[in-house]
Every structure is written in C-alpha cells, then in structure tokens.
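Structural features, examined
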Amino acid sequence: MIDFYTWTTPNGRKISILLEELGVEYTAHSIDIGAGDQKTPEFLKIAPNNKIPAIVDHDNGLNLMESGAIMLYLAEKYGKFMPTEPLAKARAHEWLMWQMAGFGPMLGQTHAFHHFNKGKSEWGEERFLTETARLYGVLNERLKDRDYIVDEYSIVDMACWPWASRYEWQSIDLADYPNVRAWYQRILARPAVQKGYHVPKKMGEIPAG
Ligand SMILES: N[C@@H](CCC(=O)N[C@@H](CS)C(=O)NCC(=O)O)C(=O)O
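All residue numbers refer to positions counted from 1 along the written sequence of the respective chain. With pLDDT at 70 or above as the cut-off, local features in this predicted model cover only qualifying residues; side-chain atom pairs require 80 or more to be listed or tallied, and sums for whole chains, interfaces and linings still use all residues.

1. Details of the site of the ligand
We apply this condition: Each residue receives a C-beta atom built from its backbone; the residue is near a molecule or strand if that atom lies within 6 Å of it. The helix and strand labels rest on DSSP assignments: H or I over at least four residues marks a helix, E over at least two residues marks a strand, and numbering proceeds from the N terminus. Put simply, Ala, Val, Leu, Ile, Met, Phe, Trp, Tyr, Cys and Pro go in the nonpolar bin, Asp, Glu, Lys and Arg in the charged bin, and everything else, Gly too, in the polar bin.
The full set of residues close to the ligand is T9, P10, N11, I33, Q38, N50, K51, I52, P53, E66, S67 and G68. When contributions to the shell around the ligand are tallied by element, the ones reaching two or more residues are helix 1 (10-22) and helix 3 (67-78). Its residues placed into classes, the shell around the ligand shows four nonpolar, six polar and two charged.

Written as structure tokens, this is what we have:
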C-alpha cells in the first residue's frame, strides 16, 4: 500500500495519474499548500524539501519526494510505462529531464508572474511567456508524426500532460500547437487520467484542449 501526499497541482497530478494507470492501491492525503500544510514537521519527515508530491511505500518503508524520482521508482517497481531497451530508455530519461528542468519550472514561473501576479513585473511575464511558448514549440516538433513523446505512452507523457492542462493560465492557445493539442486530447481520453486529475479533490472540469 502506498501513502500519497499531494495537492491539486501539476506535480501532484503526475503521480495520481500514474497511480491510477498502474491500478495500485493507494491512499491520497491532502497537503493544502495554500494553507501551509507542506511546512509541518510531520510532512518534513517525509519530504525534506517541503513540497508535494511525496509517497511512502509500505511494502518496504521507502519515503520519496520529487515527482520525477517517484515516477521512475513506480515505473520500475511495477515494470510499466517506461521503456526497458537501453536506447529507448535513454530517450525517455532525456524527455523526463526536459520536463523536470524546463516544461515544469518555466511554466510554473509563468503561473507565478503571469497568472497569479499579472502586472507586477512586465519583465517576468515577458521572459516566462516567451520561454513557455518556446517549450510548447519544442514539444510540438517532438510530437510530429508521433502519438506519444517516447514511442509508447509512458511516464514522460504523464509528467508533461498536467503542465499542458494549465494552458489557459499560460495564455497558450493549443490551436497554435496542433501536435500538442492532438496528444493532449489523446491522453485526456484515458479514464485513469480523468480520475487521477481529480485527486485529492475535484477543483473544476478538466480543460478540453
Ligand atoms: N521538483 C519538485 C517540485 C515540487 C513542487 O514545486 N511542488 C509544489 C506544488 S506543484 C509545492 O509543493 N509548492 C509548495 C511550496 O513551494 O511551498 C517535484 O517535481 O516534485
């Protein structure tokens, strides 16, 4: 059994979608980051960086933070959603790192400057909107003639998709990125994605793309 500590954010949804796709038993615990739940001493023992998501795997007592590390751990443990052939695996690592270092953090800055603090910093908004659009362009190119980012549906898609689901906050029109839009809708059609999106609670409808 897995205890899963999360909130209604893209990094949290990466893991709830993966857990739903795997069909493993888990208990979701709400860590309301707006209320400061991530700063409690109890949570710090599980996630020393004070951020969601985190898990505790009661099969072996492992506690783990960092969404990329959690996804790699679960994919390896259950032998699913990650290629095993070395070259394909290297490619999956490449795009997972791209998400962890670019498509997540840069889009997160767009949320901070452009969605939550519009008008406070023209420089910040312009810098991160430009970078966000560039990253969507990179993803659009990668998805040319491909249904998924790395051959088959994998944790790489599950890592990127929740960030793309905030396209409205990022002033991104998916019509400008047709390959991303088709991929977005392909993944949205999956029942596990629809279920995982609403963990730990429903905050509204899933953007249709
Ligand atoms: N690199 C981390 C980032 C985690 C992260 O930024 N989590 C956010 C929510 S999406 C959070 O917990 N924020 C609370 C805070 O910064 O105090 C990961 O991928 O797990």
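2. Things to note about the environment of Y153
Filter applied, for reference: Exposure criterion: with C-beta atoms placed from backbone coordinates, a residue whose C-beta has 20 or more other C-beta atoms within 10 Å is buried, one with 12 or fewer is exposed, and one in between is partly exposed. Residue pairs qualify as contacts under a 7 Å threshold applied to their C-beta atoms, which are placed from the backbone.
For Y153, the location among the structural elements is in the loop between helix 6 (122-142) and helix 7 (155-164). For Y153, a count of 16 C-beta atoms within 10 Å corresponds to the partly exposed category. When neighbours within four sequence positions are excluded, Y153 is seen to be in contact with F81 and Y148.

3. Some words on the domain arrangement of the protein
Where we set the bar: Marked domain ranges trace back to an automatic or database domain assignment.
Per the domain assignment, the segments of the protein are domain 1 (2-78) and domain 2 (86-190). A straight line from the C-alpha centre of domain 1 to that of domain 2 covers 22 Å. With 11 residues of domain 1 in contact, the opposing surface of domain 2 contributes nine residues. Contributions of two or more residues to the side of domain 1 that touches domain 2 are made by helix 1 and helix 3. Per-class residue counts for the side of domain 1 that touches domain 2 are five nonpolar, three polar and three charged.

4. Looking at unusual backbone geometry
Following I52, the chain continues to P53 via a peptide bond in cis, the omega torsion being 5 degrees. For P53, the position within the fold is in the loop between helix 2 (41-46) and strand 3 (54-57). V199 connects to P200 through a cis peptide bond whose omega is 5 degrees. Phi is positive for E66, close to 75 degrees, though the residue is something other than glycine. Tracing the chain through its elements places E66 in the loop between strand 4 (62-65) and helix 3. With 16 C-beta atoms packed within 10 Å, E66 lands in the partly exposed category. Look at S171: it is not a glycine, yet its phi comes out positive at around 50 degrees. Residue classification places S171 among the partly exposed residues on the basis of 13 C-beta atoms within 10 Å.

5. Some remarks on the pairing of strand 1 (residues 2-6)
Applied cut-off: What makes two strands pair is DSSP finding at least two bridges between them.
Along strand 1, four of the five residues are buried, which leaves the element largely enclosed by surrounding structure. With five bridges connecting them, strand 1 and strand 2 (residues 26-30) associate as parallel partners. The residue bridging F4 from the neighbouring strand is A28, located in strand 2. Note: strand 1 against strand 3, four bridges, orientation antiparallel. In the strand pairing of strand 3, D3 is matched with V56.

6. So, helix 4 (residues 86-103)
Operational definition: Take the number of residues in a helix, subtract one, and multiply by 1.5 Å to get its expected span. Our arc is simply the arc of the directions from the helix axis toward the C-beta atoms.
Here helix 4 contains 18 residues, and its C-alpha end-to-end distance of 24 Å stays within 8% of the 26 Å for a straight helix at 1.5 Å per residue. Within the span of helix 4, buried status applies to A92, W95, L96, Q99 and F103. For helix 4, the arc enclosing every buried residue in end-on projection is 100 degrees, short of the 170-degree limit, so these residues lie on one face. Exposed side chains of helix 4 directed beyond 90 degrees from the buried face belong to P86, L87, A90, E94 and A101. Buried residues along helix 4 sit in contact with helix 3, helix 5 (105-116), helix 6 and helix 7.

7. Some points on the nonpolar core
Condition: Each nonpolar core comprises buried Ala, Val, Leu, Ile, Met, Phe, Trp, Tyr and Cys residues, the members being joined through C-beta atoms within 7 Å.
L18, M71, I155, V156, C160 and V180 are the most contacted members of the largest nonpolar core, which totals 51 residues. It is helix 7 that provides the largest number of residues to this core, a total of eight residues. Built from parts of two domains, this core gets at least three residues from each of domain 1 (2-78) and domain 2 (86-190).

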